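Listed below, chain by chain, are the residues.
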Amino acid sequence: MSRGLGDVYKRQILVGLAFLSICTFWQMYDSVMTLILTDTFKLNETFAGAIMAADNVLVLFLLPFFGALSDKTHTKIGRRMPFIVGGTAAAAVLMNLIPLLDDRYAANPSPATLVIFIVVLGLLLVAMGTYRSPAVALMPDVTPKPLRSRANAIINLMGAVGGILYLALAAVLYPASRKVAGHVDYQPLFIIVSLIMAVSVLVLALTVKEKRLSEENRALEKQHPDWNLAAKDE
């Protein structure tokens, strides 16, 4: 292909930052939320399991809805970027309320705090659901068809990096050797993960000009109708 492969791959690493932020969050969510529900709020395993499964139920509705909505969206910064930026911003704010409510309940158990916690958690899951599909759809929008298989591999790799990044962070902040009596304060962990998410998406928004790149990609594909017959990596 005439386009520089190096530039294309660099772009996919930048596009993959959105997936990195998503995977970092979900790695933390799956690791910490059960502990908060059972250790702090003293919920039984059945109720805690139902809350943990809520994200899977919401995914069935949110991902197709926001994916289709982003298809119909047209803004100065593109179709996907408003959802990616807005969803990340909302999630970064809401997720930092979780450890605050956790600490508040640990200090003074109250049904009102539990209700507020569940409401905030629900809003957080919705915020995360608003931009997963747009984040995944961004890659084919800005990538020529013959390179999409390689680009998909890069995005999955960036997601794995996000998971590893969280595991390393958790190991430093909460080493297995550290004995903690009583309540565990997760605020530092949530703050750092939210910063990772915010910085990742900020870099993405500043470096990947979705609208321009999408237009260039569509023009390029019109010049190569054969790509529709055989989107084979070159």
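Just so we're clear, the structure is a prediction, and the values are computed from it rather than from any experiment. (Residues numbered from 1 in each chain as written. Predicted model: local features only at pLDDT ≥ 70, side-chain atom pairs only at ≥ 80, totals over all residues. Heavy atoms only, no water.)

A. Region of the structure containing the overall build of the protein chain. From N to C terminus, the protein chain includes nine helices and zero strands. Oriented by its inertia axes, the alpha-carbon framework of the protein chain measures out at about 65 × 35 × 30 Å. Going through the 234 residues of the protein chain one by one, you find that 46% of them count as buried. In the protein chain, once contacts between residues fewer than 6 apart in sequence are set aside, the share between residues at least 24 apart is 81%. For the protein chain, the computed accessible surface area is about 11800 Å², with 67% contributed by carbon and sulfur atoms. Taking the average location of the 21 positive side-chain charges in the protein chain and that of its 17 negative ones, the two points are 6 Å from each other. (Helix = DSSP H or I, 4+ residues; strand = E, 2+ residues; numbered from the N terminus. Buried < 20%, exposed > 50% of the residue type's maximum accessible area, 1.4 Å probe, protein only. Contact = heavy atoms within 4.5 Å. Areas by Shrake-Rupley, 256 points an atom, 1.4 Å probe, with all protein chains shown as cover. Lys, Arg positive; Asp, Glu negative; His and termini not counted. Charge placed at Lys NZ, Arg CZ, Asp CG, Glu CD.)

B. Structural view of the environment of A198. Secondary-structure assignment places A198 in helix α8 (residues 187-207). Remark: the alpha-carbon pair of A198 and A92, spanning 106 residues in sequence, is separated by 7.0 Å.

C. Inspection of the packing of aromatic side chains at higher detail. Applying the stated criterion to the full structure yields eight aromatic pairs. For the ring pair F41 and Y105, a centre distance of 4.5 Å and an interplane angle of 35 degrees mean the geometry is tilted. Of this pair, F41 sits in the loop between α1 (5-40) and α2 (45-52) while Y105 sits in helix α5 (residues 97-107), and the two are 64 residues apart along the sequence. Each member of the pair, F41 together with Y105, is buried. Judged by centre distance (6.2 Å) and plane angle (70 degrees), the rings of F66 and F83 are edge-to-face. (Phe/Tyr/Trp six-rings, centres within 6.5 Å; stacked < 30°, edge-to-face > 60°.)

D. Representation of the pattern of salt bridges within the structure. For the structure on display, the rule yields four salt bridges. With a shortest N-O distance of 2.7 Å, R80 and D71 are connected by a salt bridge. Taking relative accessible area as the criterion, R80 reaches 4% and is therefore assigned buried. Between D141 and R80 there is a salt bridge, with the nearest N and O atoms lying 2.7 Å from each other. Of the two residues, D141 is situated in helix α6 (residues 111-141) and R80 in the loop between α3 (54-71) and α4 (81-95); the sequence distance between them amounts to 61 residues. Among the residues examined, D141 registers a relative accessible area of 13% and is labelled buried. Because the salt bridges share partners, they merge into one network encompassing D71, R79, R80 and D141. (Salt bridge = Lys/Arg side-chain N within 4 Å of Asp/Glu carboxyl O.)

E. Geometry of unusual backbone geometry. Within the chain, K42 stands out as a residue other than glycine whose phi angle is a positive 60 degrees. Position of K42 relative to the elements: it lies in the loop between α1 and α2. Exposure remark for K42: the relative accessible area of 64% places this residue in the exposed category.

F. Structural detail: a nonpolar patch on the surface. A contiguous nonpolar patch, built from V57, L60 and F61 and spanning about 350 Å² of accessible area, is present on the exposed surface. Positionally, L60 belongs in helix α3. (Patch = residues over 30% accessible without salt bridge, like charges linked within 9 Å, V, L, I, M, F, W, Y side chains within 5 Å.)

G. How the structure looks around the confidence of the model for the protein chain. Scored by pLDDT, the protein chain has a mean of 87; 91% of the residues are at 70 or more. Per-residue pLDDT, averaged within each element of the protein chain, yields its smallest value for helix α9 (residues 210-222) (82) and its largest for α4 (96). (pLDDT = per-residue confidence, 0-100.)

H. Broad picture of the side chain of D102. Within the secondary structure, D102 sits in helix α5. We note that D102 is buried and unpaired, the nearest opposite charge coming from K42 at a distance of 9.5 Å. Residue contacts for D102: discarding those within four places in its chain leaves I36, T40, F41, H183, V184 and Y186.

I. Broad picture of the environment of M28. With respect to the element layout, M28 can be found in helix α1. Those residues in contact with M28 that lie beyond four places of it in its chain are M33, M95, Y166, L189, F190 and V193.

J. Seen up close, α4. Between its first and last C-alpha, α4 extends 21 Å over 15 residues, near the 21 Å set by a 1.5 Å rise per residue. Within α4, the full set of buried residues consists of M81, F83, I84, G87, T88, A91, A92, L94 and M95. (Expected span 1.5 Å × (residues − 1).)

K. Molecular detail of the packing of α4 against α6. Where α4 meets α6, the axes come as close as 8 Å, and the angle between the chain directions of the two elements is 155 degrees. Relative to α6, the element α4 lies roughly antiparallel. The two elements α4 and α6 meet at a crossing, and its hand is left-handed. Here α4 contributes M81, F83, I84, G87, T88, A90, A91, L94 and M95 to the contact with α6, which in turn contributes V120, L123, L124, A127, M128, T130, Y131, P134, A135 and L138. In the contact of α4 with α6, the residues fall into 16 nonpolar, three polar and no charged. (Axes fitted to C-alpha atoms, helices over the stretch in contact; angles between N-to-C directions. Parallel < 35°, antiparallel > 145°, perpendicular 65-115°, else oblique. Left-handed = near helix turned anticlockwise from the far one by under 90°. Nonpolar A, V, L, I, M, F, W, Y, C, P; charged D, E, K, R; others polar.)

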